[in-house]
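Report on the structure
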Amino acid sequence: MSIARNIAGIAKGMSITFREMLEPTQVENYPDGPGPLRGAKFEQRFRGKHELQRDENGLEKCVACFLCAAACPSNCIFIEAADNTEEKRISSSERYAKTYNIDYNRCIFCGYCVEACPTDAITHGHGFELASLNATNLVMRKEDMLVPVASLTAR
Ligand code: SF4
Ligand code: SF4
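In this text, all values refer to a predicted model and were calculated from it rather than measured experimentally.

**Here's the deal with the UniProt feature "binding site: [4Fe-4S] cluster 1" (unreviewed entry) in the protein chain**
- The UniProt feature table records "binding site: [4Fe-4S] cluster 1" (unreviewed entry) at Cys62, Cys65, Cys68 and Cys117. Over a stretch of 56 residues, the named residues converge on one spot in the fold, their C-alpha atoms separated by at most 10.3 Å.
- Within the secondary structure, cysteine 65 sits in the loop between strand S1 (50-52) and helix H2 (67-71).
- Of note, cysteine 117 is situated in the loop between helix H3 (112-116) and strand S4 (122-124).

Take a look at the structure:
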């Protein structure tokens, strides 16, 4: 009886293997071609490198409210707030994030910061090539995450 059950288990496992062999290859050309997530059906759900978004006027959406930092279970978000002035307006609100760092040595890509943000300023992008042998390279700075103004016209 147990022999029959084992054979059935092996047959079931091999059927999955053979079925996958007939599926299109996702990573065939990587790293010379498109990455494994581009165009894949799960791309929308993938939590990659963070992006700091701009509004339709090109102003930064982040208003330095610190809610993302408060929600972060790894305590890896560092923000310094500054006031907007008439001469220098960075965001549409009273304050903006002068400094916004995420320490990827500690980030667990849980998405809590994204969920907590009231202005949709911080989002997950699709970037995943983040490995580094130097831990200091893993501190993402605002400049690394802020989407360029030019990307607004491409939307
Ligand atoms: S994804 Fe999670 S761990 Fe990473 S910065 Fe956001 S809240 Fe913190
Ligand atoms: S990213 Fe969002 S939650 Fe974090 S400080 Fe900026 S506005 Fe607040």
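From this point, the discussion proceeds with the structure in view.
**Some details on the site of ligand 1**
- Around ligand 1, the surrounding shell holds 14 residues, and the nearest of these are Cys72, Cys107, Cys110, Tyr112 and Cys113.
- When the residues that make up the shell around ligand 1 are grouped by side-chain class, the tally is 12 nonpolar, two polar and no charged.

**Details of the UniProt feature "binding site: [4Fe-4S] cluster 2" (unreviewed entry) in the protein chain**
- The positions UniProt marks with the feature "binding site: [4Fe-4S] cluster 2" (unreviewed entry) are Cys72, Cys107, Cys110 and Cys113. The largest pairwise C-alpha distance within this set of annotated residues, which runs over 42 residues, is 10.5 Å, so the set is compact in three dimensions.
- Topologically, cysteine 107 is positioned in the loop between strand S3 (95-103) and H3.
- Once residues lying within four places of it in the same chain are set aside, the contact partners of cysteine 107 are Ser74, Cys76 and Ile102.
- By secondary structure assignment, the location of cysteine 113 is in helix H3.

Calculation rules
- Residues numbered from 1 in each chain as written.
- Chains lettered and ligands numbered in written order.
- Predicted model: local features only at pLDDT ≥ 70, side-chain atom pairs only at ≥ 80, totals over all residues.
- UniProt positions renumbered as here; feature names shortened; annotations may be inferred.
- Helix = DSSP H or I, 4+ residues; strand = E, 2+ residues; numbered from the N terminus.
- Near = placed C-beta within 6 Å.
- Nonpolar A, V, L, I, M, F, W, Y, C, P; charged D, E, K, R; others polar.
- Contact = placed C-beta atoms within 7 Å.

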